[in-house]
Amino acid sequence: MSPSAASRDAATAALRELILAGERYRIAVATHLDLTVNESRAISHLMARGPMGQTDLATALGLTTSSTTTLVDRLEQRGLVARVPDPHDRRRSTVEIPESGVGRLREVWDWMPHAFDALGADELPRVAELLVTIAGSLRDVTSDIEANQPSTPGHRRRH
């Protein structure tokens, strides 16, 4: 095996470990907040990307719009999200985390940065740059996989 292939294999193994650690982190946070994993995923999308239309949130989660409506209903009842009417199209609304939700999420919000405690402040900008690049590449690979999946009637995607 060439040195570059060995390095790529090691990086791939490290990325798999990062994804597994992230999945375990998500489950721990969801359990702490008494959320389902999909509810936790929705909150993460809103925290990372800001307010989103409900259809955009459904697409990001890989769920149907009706499943996302039910999920947003549950989160809204708990005060973790709010639907805000679109000022230009009354048929649409935007889902966002209101101040009351931010207050309830603050504790878990502050946990993730501890993943960088073992790094020096001078390393963080490069780490952030690399993570953005890797995330973008992984999104591209995922989009390619999804685009090449056969459409099977009655086939449900599981999340």
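Below, the structure is looked at part by part.

## Thoughts on the nonpolar core
Argument step 1. Leu 35, Ile 43, Leu 57, Leu 75, Val 81 and Leu 105 are the most contacted members of the largest nonpolar core, which has 21 residues in total.
Argument step 2. Of all the elements in the fold, those that place two or more residues in this core are helix 1 (3–33), helix 2 (37–49), helix 3 (54–61), helix 4 (65–77) and helix 5 (99–109).
Argument step 3. The contact partners of Leu 105, leaving out residues within four places of it in the chain, are Leu 33, Ile 43, Leu 80 and Ile 97.

## As for the side chain of His 45
Argument step 1. Topologically, His 45 is positioned in helix 2.
Argument step 2. Classification of His 45 by relative accessible area gives buried; the value is 16%.
Argument step 3. Those residues in contact with His 45, other than ones at most four positions away along the chain, are Gly 50, Met 52, Leu 57, Ala 60 and Leu 61.

## Section: unusual backbone geometry
Argument step 1. In the Ramachandran plot, Asp 34 falls in the positive-phi region, its phi being about 60° despite a non-glycine side chain.
Argument step 2. Mapped onto the elements, Asp 34 comes out in the loop between helix 1 and helix 2.
Argument step 3. For Asp 34, a relative accessible area of 59% puts it in the exposed group.

## Notes on the sheet that holds strand 1 (residues 52–53)
Argument step 1. With antiparallel pairing, three strands are arranged side by side in an open sheet as 1-3-2. Strands at the two margins of the open sheet, each flanked by one partner only, are strand 1 and strand 2 (82–85).
Argument step 2. The pairing of strand 2 with strand 3 (residues 93–96) spans four bridges and is classified as antiparallel. Note that in strand 3 the partner of Pro 85 across the bridge is Ser 93.

## Structural notes on helix 3
Side chains of residues three or four places apart in an α-helix project in the same direction, reflecting 3.6 residues per turn.
Argument step 1. Among all positions of helix 3, only Gln 54, Leu 57, Ala 58 and Leu 61 are buried. One side of helix 3 carries all its buried residues, which in axial view fall inside an arc of 100°.
Argument step 2. Of the surrounding elements, those touching the buried residues of helix 3 are helix 2, strand 1, helix 4, strand 2 and strand 3.
Argument step 3. Within two residues after helix 3, Gly 62 carries a phi angle of roughly 70°, on the positive side.

## Structural notes on the packing of aromatic side chains
Argument step 1. All told, the structure shown has zero aromatic pairs when counted by the stated rule.
Argument step 2. A cation sits over an aromatic face here: Arg 106 above Trp 109, 5.8 Å from the ring centre.

Rules of the game
- Residues numbered from 1 in each chain as written.
- Predicted model: local features only at pLDDT ≥ 70, side-chain atom pairs only at ≥ 80, totals over all residues.
- Heavy atoms only, no water.
- Core = buried A, V, L, I, M, F, W, Y, C linked by side-chain atoms within 4.5 Å.
- Buried < 20%, exposed > 50% of the residue type's maximum accessible area, 1.4 Å probe, protein only.
- Helix = DSSP H or I, 4+ residues; strand = E, 2+ residues; numbered from the N terminus.
- Contact = heavy atoms within 4.5 Å.
- Pairing = 2+ DSSP bridges.
- Arc of directions from axis to C-beta.
- Phe/Tyr/Trp six-rings, centres within 6.5 Å; stacked < 30°, edge-to-face > 60°.
- Lys NZ or Arg CZ within 6 Å of the ring centre and 35° of its normal.

Nothing here speaks to function; it is geometry throughout.
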